[in-house]
Amino acid sequence: LDDPSTHGALAEKAKQREDRLHFFLEAARTVARKLEQKDRAAACFERVLDLSPGHPEAMAYLVEHFTTTERWDHLVALYDDALRQRLKPDAEQGI
């Protein structure tokens, strides 16, 4: 299961949010560490944030990636989304 496309396919088919989160996280880690495909890893980490806003590992990777690649608009949008999530009432966040 070290093939990131397998993780991605499993994530798309998974019915439970936690399972999708797990598979996208594994895909992101595999692509980032073993294949060193930073843009592809960033896309997987963005999917992680879609499922789990503010996820610490995804946030850290994307902040580093967008800073290193000087994608300032993406970095600002990432922080804007994170702030918006923090400002939502608990009921809207699904808590």
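Notes on the structure follow. Bear in mind that the values here come from a model prediction, so they are computed numbers and not experimental data.

## Some words on the overall build of the protein chain
Of the regular secondary structure elements, the protein chain holds 5 helices and 0 strands. Traced from its N-terminal end to its C-terminal end, the protein chain shows the element sequence α-α-α-α-α. Buried positions account for 34% of the 95 residues belonging to the protein chain. Put simply, of all contacts in the protein chain between residues at least 6 apart along the chain, 30% involve residues at least 24 apart. With an accessible surface of roughly 6,300 Å², the protein chain has 52% of that area assigned to carbon and sulfur atoms.

## Some points on unusual backbone geometry
Positive phi is not limited to glycine here, since Glu36 has a value of about 55°. Tracing the chain through its elements places Glu36 in the loop between helix H2 (17-33) and helix H3 (38-51). Judged by relative accessible area, which is 59%, Glu36 ranks as exposed. At Glu70, a residue that is not glycine, the phi angle is positive and equals roughly 55°. Inspection of the secondary structure puts Glu70 in the loop between helix H4 (56-68) and helix H5 (72-87).

## What about H5?
Taking 1.5 Å per residue, 16 residues should reach 22 Å; H5 reaches 23 Å between its end C-alpha atoms and fits that length. Within H5, the full set of buried residues consists of Leu75, Leu78 and Ala82. Angularly, the buried residues of H5 cover 60° about the axis, an arc narrow enough to put them on a single face. Within H5, the exposed residues directed more than 90 degrees away from the buried face are Asp73, Leu83 and Leu87.

## Digging into H3
Taking 1.5 Å per residue as the helical rise, H3 with its 14 residues ought to reach 20 Å, and the 20 Å between its terminal C-alpha atoms agrees with that figure. Residues Ala41, Ala42, Cys44, Phe45, Val48, Leu49 and Leu51 constitute the buried set of H3. Of the surrounding secondary structure, the elements contacted by the buried residues of H3 are H2, H4 and H5.

## Considering the packing of H4 against H5
The geometry of H4 relative to H5 is characterised by a closest axis approach of 8 Å and an angle of 155° between their N-to-C directions. Here H4 lies roughly antiparallel to H5, going by the angle between them. Crossing of H4 against H5: the hand is left-handed. When H4 is examined against H5, the residues Met59, Leu62, Val63, Phe66 and Thr67 are found in contact with a partner set consisting of Trp72, His74, Leu75, Leu78, Tyr79 and Ala82.

## Structural notes on the pattern of salt bridges
In total, this model carries 6 salt bridges according to the counting rule given. With its nearest N and O atoms 4.0 Å apart, the salt bridge here joins Glu18 to Arg17. When its relative accessible area of 36% is taken as the criterion, Arg17 is described as partly exposed. A network of salt bridges, in which partner residues are shared, links Glu26, Arg29, Arg33 and Glu57.

Calculation notes
Residues numbered from 1 in each chain as written. Predicted model: local features only at pLDDT ≥ 70, side-chain atom pairs only at ≥ 80, totals over all residues. Heavy atoms only, no water. Helix = DSSP H or I, 4+ residues; strand = E, 2+ residues; numbered from the N terminus. Buried < 20%, exposed > 50% of the residue type's maximum accessible area, 1.4 Å probe, protein only. Contact = heavy atoms within 4.5 Å. Areas by Shrake-Rupley, 256 points an atom, 1.4 Å probe, with all protein chains shown as cover. Expected span 1.5 Å × (residues − 1). Arc of directions from axis to C-beta. Axes fitted to C-alpha atoms, helices over the stretch in contact; angles between N-to-C directions. Parallel < 35°, antiparallel > 145°, perpendicular 65-115°, else oblique. Left-handed = near helix turned anticlockwise from the far one by under 90°. Salt bridge = Lys/Arg side-chain N within 4 Å of Asp/Glu carboxyl O.

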